[in-house]
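Structural description and commentary
So you can see what is in the structure, the chains are spelled out below.
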Amino acid sequence: MRDRVRARLVGSARRLRRLERRELAEFGRWIENTDNLIHLTILFVVPALLALVTLLSNATTELSFLLFPPLASGTYTLFADPEGRYASPTKFVVGLTIGALCGWAALSIFSAAYGVTIAELGLRPESAALSVFMTGGVTWLLDVEEPSSFSTALLILVTDQARPSEYVITVVLGSVIVATAFAIWRDEFYEERAHYLYGTTYGDDHVLVPMRGDTAESTAMFGARLAAAHDAGKVVLLDIVDDDRVAAAERAILEGETPPESVASIEDQIAGRDDSEDAADNGAGDVNTVDAADVESDDEGLTDEAARRATAESASRLEAHAATIRTRVGVPCEVVVASGDPGQATIDTARTTNCDLIVTPYEADHGSLSPFVRTVFRGPYDAITFRSTTGTQRWKRILVTVSRPGDTAHAMIDFASRLAGRSGNVSVCTCISDEVERRPAETRLANLVETVDCSIETRVARADIRDFIQSNAGAYDLVVLGSSGERSTASRFIAPPTFERLRDVDCDVAVVDRGSL
């Protein structure tokens, strides 16, 4: 009884941990959207800053409560648009201070004009008009225009007018606190958010490439270029030995065919490793390790020999590709031979080889993705299916099409910047249906690309995305699209993903899918 209860508690704890990891991963994807990050910052940071100022106001008599209205609105203006017109800590402090000083000057002018003290002047329309006029003129001439400065100019008129200097001191101290916090947040976190929040920036550098189809070599080079952008990058080339290959190897053995020397050498290594479990353990983590397939047959001896030969032939072919990658790209490259269902074997190999990105050749089945690619896209790892039409092995002019901000958009831009490098060019495009959408679209693209360190441009086109790509693809080496994996089945049925509607384009195409990890 006690054991059953303990087992249930352990199982429940494991499910809670899985749920926690999944929720944290979803939150990480959500906060990669710059708009979400800004709203979350406003929700928590702005109240914290005002609470700090309130704490100081309670501890000293120099801080007036009437500081808070302009300080709150000004703080929101800073954090809501960190790269905008009013996002300057210097202008924020100087603008609010000038507003308070202009209000004080207006009080002084009319108190002298009417021959009364400032305390006896009261709130007059002419003093309000003059304070606003002076604030607008001075901030314009000094190029420190700040919306909240008009609030400080007016609020000083309703403070304890016997001591207006205290309000000016209040404005200076409060605005300096907020401006300092904003400058630290923007420089140390917001500008560096790609390193803290975007998963592909510090990951997706161990790339697994299933060598399938006629474009496997170009796909492997594509994956190698992605991996080479990170210092810790590596490439793993994978081949799946199926029953047809084993049967062909059996026929070759029965007919007495002699394998090439390179294949025979690898076959001997596999046979030796089968005889020594220690040797297999020692080689499991080495570069260029080959994992032999486990194949069952009625005639075990012949089938084992055929499996070793099929594995050796596959490994020899992969090694030739790996040598090319090491020479041309300079990135470590391993080879793995596995067996079983291709899709599941690919995902299992990614886990055992510690890969976090799968790059597979594009495969279509009746106009849609093949079952193999769909299995990879449904898996836990980030994945790219690459369609090579030009045979090129360097991609310097890249078009990235973005429909909405988020983790997938950041991943596509990051992959494009890796391929383009400092000598290439990346264009990030979004398409709109109405002209009123242009400015919001431009802002979204600006938020997406401002953390990318390469030559990059943004384009907003009033056109259908398919027509735009087909018209402009000839000017690029590569077009990068999203997989639309977040869309429902019904939505994809009504409006198929863009990449499925692109039959003939004059450049290579890469479709990016974010995994569930």
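Every chain is numbered on its own, with residues counted from 1 as its sequence reads. This being a predicted model, a pLDDT of at least 70 is required before a residue's local features are given, and a value of 80 or more before pairs of side-chain atoms are given or counted; all residues contribute to the totals for chains, interfaces and linings. Based on all heavy atoms of the structure, the side-chain values leave hydrogens and waters out of the count.

As named in an unreviewed UniProt entry, the protein chain is HPP transmembrane region domain-containing protein, taken from Halogranum salarium B-1.

The subject of this paragraph is the packing of helix α3 (residues 68–80) against helix α8 (residues 164–190). In this analysis, axes come from line fits to C-alpha atoms, helices being fitted only over the stretch in contact, and the angle between any two N-to-C directions falls in the range 0 to 180 degrees. Note on conventions: DSSP H or I runs of at least 4 residues are helices, E runs of at least 2 residues are strands, and numbering of each starts at the N terminus. Put simply, α3 and α8 touch, their axes get as near as 11 Å, and they point 20 degrees apart. Here α3 lies roughly parallel to α8, going by the angle between them. You can see that α3 and α8 cross each other, and the crossing is right-handed. Here P70, L71, T75, L78 and F79 of α3 come into contact with α8, specifically with Y167, G174, S175, V178, F182 and W185. Every angle not falling under 35 degrees, over 145, or within 65 to 115 is termed oblique; those three ranges are roughly parallel, roughly antiparallel and roughly perpendicular. By convention the crossing between two helices is left-handed if the near helix lies anticlockwise of the far one by an angle smaller than a right angle, and right-handed if it lies clockwise. Contacts are assigned to residue pairs that have any heavy atoms within 4.5 Å of one another.

Here we have 10 strands laid out as an open sheet, ordered β3-β2-β1-β4-β7-β12-β11-β8-β9-β10, and mixed in their pairing. Across the chains shown, the open sheet's two edge strands, defined by having one partner strand only, are β3 (333–338) and β10 (456–462). Neighbour-to-neighbour, the strand axes of the sheet open up by a mean angle of 25 degrees, direction not taken into account. For two strands to pair, DSSP has to find at least two bridges joining them. Relative to strand β12 (residues 508–513), strand β11 (residues 478–482) runs parallel, the two sharing five bridges.

It is worth spelling out the UniProt feature "transmembrane region" (unreviewed entry) in the protein chain at this point. UniProt positions are given in the numbering used here, feature names are shortened, and annotations may be inferred rather than shown by experiment. The UniProt record marks residues 37–57, 92–116 and 167–185 with the feature "transmembrane region" (unreviewed entry), using the residue numbering of this structure. Span residues 167–185 is 100% helix and 0% strand, its end C-alpha atoms 27 Å apart.

Right, let's talk about the pattern of salt bridges for a bit. Side chains carrying opposite charge are able to pair once their charged atoms draw close together. Should a side-chain nitrogen of Lys or Arg be within 4 Å of a carboxyl oxygen of Asp or Glu, the pair is scored as a salt bridge. Throughout the structure, instances matching the rule amount to 14 salt bridges. With a closest N to O distance of 3.6 Å, R514 and D407 form a salt bridge. Taken together, the residues R514 in the segment after β12 and D407 in helix α18 (residues 407–420) connect sequence positions 107 residues apart. Like R514, the residue D407 is buried in the burial classification. One network of salt bridges, in which partners are shared, links D382, D407 and R514. Each residue is placed in one exposure class: buried if its accessible area under a 1.4 Å probe, protein chains only, is under 20% of its type's maximum, exposed if it is over 50%, and partly exposed if it falls in between.

With 12 residues, helix α19 (residues 438–449) extends 17 Å from end C-alpha to end C-alpha; this agrees with the ideal 16 Å at 1.5 Å per step. Those residues of α19 that sit buried are A441, L445, N447, L448 and V449. For a helix, the expected span equals 1.5 Å multiplied by the number of residues minus one.

Ranked by internal contacts, the top residues of the largest apolar core, which has 52 residues, are F222, L237, I325, I384, I398, V400 and L478. Top element by residues in this core is α18. It accounts for eight residues. Domains are outlined according to an automatic or database domain assignment. Looking at which domains feed residues into this core, each of domain 3 (203–269 + 300–382) and domain 4 (389–516) gives three or more. Here L237 is in contact with V209, M211, A220, L318, H321, A322, I325, C333, E334, V335 and V336, once residues within four sequence places are set aside. Think of a nonpolar core as a cluster: buried Ala, Val, Leu, Ile, Met, Phe, Trp, Tyr and Cys residues, connected wherever their side-chain atoms sit within 4.5 Å. With 33 residues, the next largest nonpolar core counts Y362, F372, V479 and V505 among its residues.

Take unusual backbone geometry next. One non-glycine residue, D143, lies in the positive phi region at around 55 degrees. With respect to the element layout, D143 can be found in the loop between α6 (125–141) and α7 (149–155). The class for D143 is partly exposed, based on a relative accessible area of 48%. We note that N354 has phi near 60 degrees; this positive angle belongs to a residue other than glycine. Among the structural elements, N354 can be located in the loop between α16 (342–352) and β4 (357–361).

The pLDDT value expresses, per residue, how confident the predictor is, ranging between 0 and 100. Mean pLDDT over the protein chain works out to 78, with 72% of the residues at or above the 70 mark. Throughout residues 277–298 the model reports pLDDT below 50, and contacts reaching past four residues in sequence, or to other chains, amount to 41 contacts.

Further remarks concern the packing of aromatic side chains. Aromatic pairing here means that ring centres of Phe, Tyr or Trp (its six-membered ring) are within 6.5 Å. Orientation follows from the plane angle: under 30 degrees is stacked, over 60 is edge-to-face, and everything else is tilted. Per the counting criterion, the structure on display carries seven aromatic pairs. Considering the side-chain rings of F222 and F386, the 4.3 Å spacing of their centres and the 20 degrees angle between planes classify their relative orientation as stacked. With F222 in helix α11 (residues 216–228) and F386 in strand β7 (residues 382–387), the pair connects residues that are 164 residues apart, well separated along the chain. Consider the rings of F386 and W395, whose centres lie 5.6 Å apart with planes at 90 degrees: the pair is edge-to-face. As far as burial versus exposure is concerned, F386 and W395 are alike and both buried. Members of the aromatic cluster, connected to one another through ring pairs, are F79, F182, W185 and Y190. Two conditions define a charge located above a ring, namely a distance within 6 Å from the ring centre to NZ of Lys or CZ of Arg, and an angle within 35 degrees of the ring normal. We note R212 situated over the ring of F372; from NZ or CZ to the ring centre the distance is 3.9 Å.

With six of six residues buried, β3 is to be regarded as a mostly interior element. Of the two faces of β3, the one holding C333, V335 and V337 and the one holding E334, V336 and A338 are both buried throughout. Where strand β2 (residues 234–240) and β3 come together, six bridges link them in parallel fashion. Paired with L237 across the strands is V335, a residue of β3.

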